[in-house]
Amino acid sequence: MESRISQALAKLFERHRIVFWYDSKQELWEEYEALSIKGVEKLEITNNEFGLKYRILRQEPKQKFLLYKKGAQPEDLQNWLLDVQLAQGEFRTDQAAIWLAELELGLEFSDIIENHIEFFRSGKRREALKKLLTKSDGAPIIRQKMLAVCAGSEPRTDSILENLLAEHADKREEKIKLIGRCNLDAFLWEQMTRYYGYSSNEPGIRDFVIELFKSCYAMGTQGKYNLTGDALVFLKRWKDSRQYEASFEALSADCSEILSIEQDLEKRGFRDVLELDYFQLIDRKIISNLVREIVSRTVSSTDISSWVRQRRQSHWYQEFQHLYEAIDHAAQFINTLEESNLTMDSLADGIQRYSNHWFKLDQLYRKFTYHVRCSGQASLMGALSDQIENLYSNNYLMKVNDRWQPFVDNAKSWDASPVPLQKQFFERWVKPLIGKGKKVHVLISDAFRYEIGDELLSLIRKEDRYEATLEPALSMLPSFTQLGMAALLPNKELSLADNDTGTVLVNGQSSQGITNRIKILDQAIPKRATAIKAEELMTLNKDESRALIKDHDVIYIYHNRIDATGDKRESEDRVFEAVDETLNDLIRLIKKLFGDGISNLFITSDHGFIYQNRAIDESDFATGEPNGEQVFYRDRRFVLGKGLNEVASLRKFQSSELGLVGDIEVQIPKSINRLRLKGSGSRFVHGGAALQEVVIPIVKISKKRQSDTSKVEVDILRGASSTITSGQLAVGMYQAQPATEKVQPRTLQAGIYTLSEELISDSQDLTFDFASENPRDREVMVRFVLTRKADEANNQEVILKLLEKETGTSHYKEYKSLRYVMRRSFTSDFDF
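Definitions and limits used
Residues numbered from 1 in each chain as written. Predicted model: local features only at pLDDT ≥ 70, side-chain atom pairs only at ≥ 80, totals over all residues. Heavy atoms only, no water. Helix = DSSP H or I, 4+ residues; strand = E, 2+ residues; numbered from the N terminus. Rg over C-alpha atoms; globule rule 2.2 N^0.38 Å. Buried < 20%, exposed > 50% of the residue type's maximum accessible area, 1.4 Å probe, protein only. Contact = heavy atoms within 4.5 Å. Areas by Shrake-Rupley, 256 points an atom, 1.4 Å probe, with all protein chains shown as cover. Core = buried A, V, L, I, M, F, W, Y, C linked by side-chain atoms within 4.5 Å. Pairing = 2+ DSSP bridges. Axes fitted to C-alpha atoms, helices over the stretch in contact; angles between N-to-C directions. Expected span 1.5 Å × (residues − 1). Arc of directions from axis to C-beta. Parallel < 35°, antiparallel > 145°, perpendicular 65-115°, else oblique. Left-handed = near helix turned anticlockwise from the far one by under 90°. Nonpolar A, V, L, I, M, F, W, Y, C, P; charged D, E, K, R; others polar.

**Points about the overall build of the chain**
So, step 1. The number of helices and strands found in the chain is 30 helices and 29 strands.
So, step 2. The C-alpha atoms of the chain give a radius of gyration of 39 Å, which is well past the 28 Å a tight globule of 832 residues would have.
So, step 3. Considering the chain as a whole, with its 832 residues, one finds that 52% of them fall into the buried category.
So, step 4. Long-range pairs, those at least 24 residues apart, make up 70% of the contacts in the chain with a sequence separation of at least 6.
So, step 5. Accessible surface, the chain: about 38,400 Å² in total, of which carbon and sulfur atoms supply 45%.

**Looking at the nonpolar core**
So, step 1. Counting residues in hydrophobic clusters, the biggest one holds 203 residues, and the most contacted among them are Phe213, Trp238, Phe333, Tyr396, Tyr556, Ile603 and Ile701.
So, step 2. For this core, the leading source of residues is helix H20 (residues 347–375), giving 12 residues.
So, step 3. If near-sequence neighbours (up to four positions away) are discounted, Phe333 is found in contact with Leu361, Leu364, Tyr365, Ile388, Leu391 and Tyr392.

**Focus: the sheet that holds strand S14 (residues 628–634)**
So, step 1. Across the sheet, which stays open at both edges, the four strands sit in the order S14-S15-S17-S16 with antiparallel pairing between neighbours. With partners counted over all chains shown, the strands left at the sheet margins are S14 and strand S16 (650–654), one partner each. Strand-to-strand twist in this sheet, taken as the mean axis angle between neighbours without regard to direction, amounts to 30°.
So, step 2. Direction of pairing for S14 relative to strand S15 (residues 639–644): antiparallel, over a ladder of five bridges. Within S15, the position partnered with Val631 by the bridge is Gly641.

**A short note on the environment of Val731**
So, step 1. Relative to the assigned elements, Val731 resides in strand S23 (residues 728–735).
So, step 2. Spatially, the C-alpha atom of Val731 lies 68 Å from that of Leu505, the residues being 226 residues apart in sequence.
So, step 3. Excluding residues within four positions of it along the chain, Val731 makes contact with Ile716, Leu717, Val780, Met781, Val782, Phe784, Leu800 and Tyr820.

**So, helix H25 (residues 513–524)**
So, step 1. In a regular helix each residue adds 1.5 Å, so 12 residues correspond to 16 Å; H25 covers 17 Å between its end C-alpha atoms and thus fits that length.
So, step 2. Among the residues making up H25, those that are buried are Asn516, Arg517, Ile520 and Leu521. Looking straight down H25, one finds that the buried residues subtend no more than 140° of arc, so they occupy a single side.
So, step 3. Buried residues along H25 sit in contact with helix H24 (481–487), strand S8 (504–506), strand S9 (509–510), strand S10 (529–533) and strand S11 (554–559).

**A short note on the environment of Lys431**
So, step 1. Checked against the element boundaries, Lys431 lands in helix H22 (residues 425–435).
So, step 2. Lys431 sits in the partly exposed class, given a relative accessible area of 44%.
So, step 3. For the pair Lys431 and Gln280, spaced 151 residues apart in sequence, the C-alpha separation works out to 58 Å.

**Some words on the packing of helix H10 (residues 157–169) against helix H15 (residues 245–258)**
So, step 1. Between H10 and H15, the shortest axis-to-axis distance is 9 Å and the interhelical angle comes to 60°. Taken together, the axes of H10 and H15 lie oblique to each other. Every pair of crossing elements has a handedness; the one defined by H10 and H15 is left-handed. Here H10 contributes Leu165, Ala166, His168 and Ala169 to the contact with H15, which in turn contributes Ser247, Ala250 and Leu251.
So, step 2. Its residues assigned to classes, the contact of H10 with H15 comprises five nonpolar, two polar and no charged.

**A closer look at the sheet that holds strand S7 (residues 494–496)**
So, step 1. Across the sheet, which stays open at both edges, the three strands sit in the order S7-S8-S9 with antiparallel pairing between neighbours. Two strands bound the open sheet, and with one partner strand each, they are S7 and S9.
So, step 2. Of the pairings in the sheet, the one linking S8 to S9 comprises two bridges and is antiparallel in character. Looking at S9, one finds that Leu505 is bridged to Ser510.

Next up, the structure:
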């Protein structure tokens, strides 16, 4: 007890020179007698008031005094030291006074102790409160901070509420019960009324959260609501908080059922709720409607892309991302197909048209199929999947290759000049650089077809300082791995082995396996060329990799994920996932190689492939079976042999027509038909002459010394007025140039602030990634909801700020801003 009294008095003497102590129960005389505080003189009040007053005020005006009276404080009229007491400090020894002293609060806050005694019984709560208190705090602020201690939050109403909602979502009630025991519940609901307009005869957290979702949904659907705009701002911040998103989602699901949101959404068009994301059901509604719209062809691909882009800001976007992406790619596929003229004049013309435009249909189909599979929503996407599959197979894949086939049939040799041939790769791209004393690296990814090369091109160009080009080449026939890999090596003669192995000889030597390929490279570039598998290269540390690069002028790197996945019946349905994984692999390989010091890299493929996600029908197989004197090797898309008989559904080639030496004959099913083969898959195939199989990418990559990427510029469009007169502000934003690989999207955080940097509106994350050349397509309207704190800035300047996050940090810097004047009349407080 003595130490607590000593500590409390010491705190009082930090603020006062004179402290009065009335021992009303006359039970602390011994403690007073034993008390010793450095620099403080003890005096007892015993009918000596005038003498004491003269001494403490005139004789010793700088000395600190503790004036002790054994007994209660006199009535004011009989208290001759009252003027001094009121100007100085008083020490009380009741529990409330001790707590006040401990918290360094004046006696004027005694009613807080008395009204909330349960709160102060806990030393931990008192300690936590003391850390939050400041000298300027009044009673309402102190109570607010007491609420924060109970809720385990920061002393802000929104933070207190977030913590209470998180507790409610977890089906716990310790914090809200503590608030009740501490008699702070009335104050809590007063704050809810003051900040959010919440009023109820039976206030409670569950009741509040239902009203919160109900009102905010009504605000977005032109319904009746009871809460204020501040409630909408709170809900937006709450749902966008990583810390509290789980509680938001749990309570959102609960309230969607209570408020019958599903039934309400059934009465609305999806356009009515495109800007809302308070319930997961809204995204389900939009997705379901978009699927039906695309199937019925009632909306444009431009509108679909715009709506999907808008939904990227939705709280639930990550959960439904694959569905939105599938919908977007489906709409783009249909539009691209409708705009495509699938005619050609020659082999060369067909390849040019394919590499300039048609390949996008294969790419969009792949991405649609990939995202549908990843979504796991086969039933939901069933009708759309069937439509895309039918359009792809019948209106594109079969049609374009049926029109391509006559040129294949009439070709006297497998040549499409000026399109380069695959077997010219070394002479055309590698040898010239070696002749200039440069090192060359070739990365060959099995079944890396042209449209995938285009996507890689885009990914590489987005990387700072990287430049890349893409051009098509014509693969060998038949378009299978052994021949394609052989053709990419230095060669003078290519031939097919006269047996059932499918082996390809380069200059009379087997090219099967990496050991043989190293030997062929070594013959062309003695002791200065080698080959390595991609997975082995990735295991090398920087010193080992640099030594490998230093010791060789040419390195061939072999990567195999797409073909390894697609060629197996049990995994062929995962081939598009393998494409996505391949792109990630290649980006890592590229960065490693350039990081280890290379300067010239080519990425190409041995062949492409055809993939149809649907089950293969009887009509997809060639009508005739290959036969003849000798059938050495048979696959889904080609046959090798001698003395092969002519079959109407097959195109037969002599080796000489295909740029090969020897007398092996090749037969290939026409268009996209398959040959029957037991035990193998039939959806993923290659080996034939379809455009998707024989047009391969040649990607050339280099790295610059200086940065070559930038971000799009964004302007705030000033409207006709620079005055804010209502509770909302709509502002136009303009992206100054289209987003490209090198001019990249910009993500900004937008909000309205006072001159003292206080946010007085909701905060919105905006991504500017418009790729359209049309300036009108790059404008976006952003609507801000002001909070009640905006009233405090009335008749003052406020600032609309666009903030940009510093890369790799949680900090933001100002990107651009625009000043407004807040002039809200009292009528703006009303909803009519």
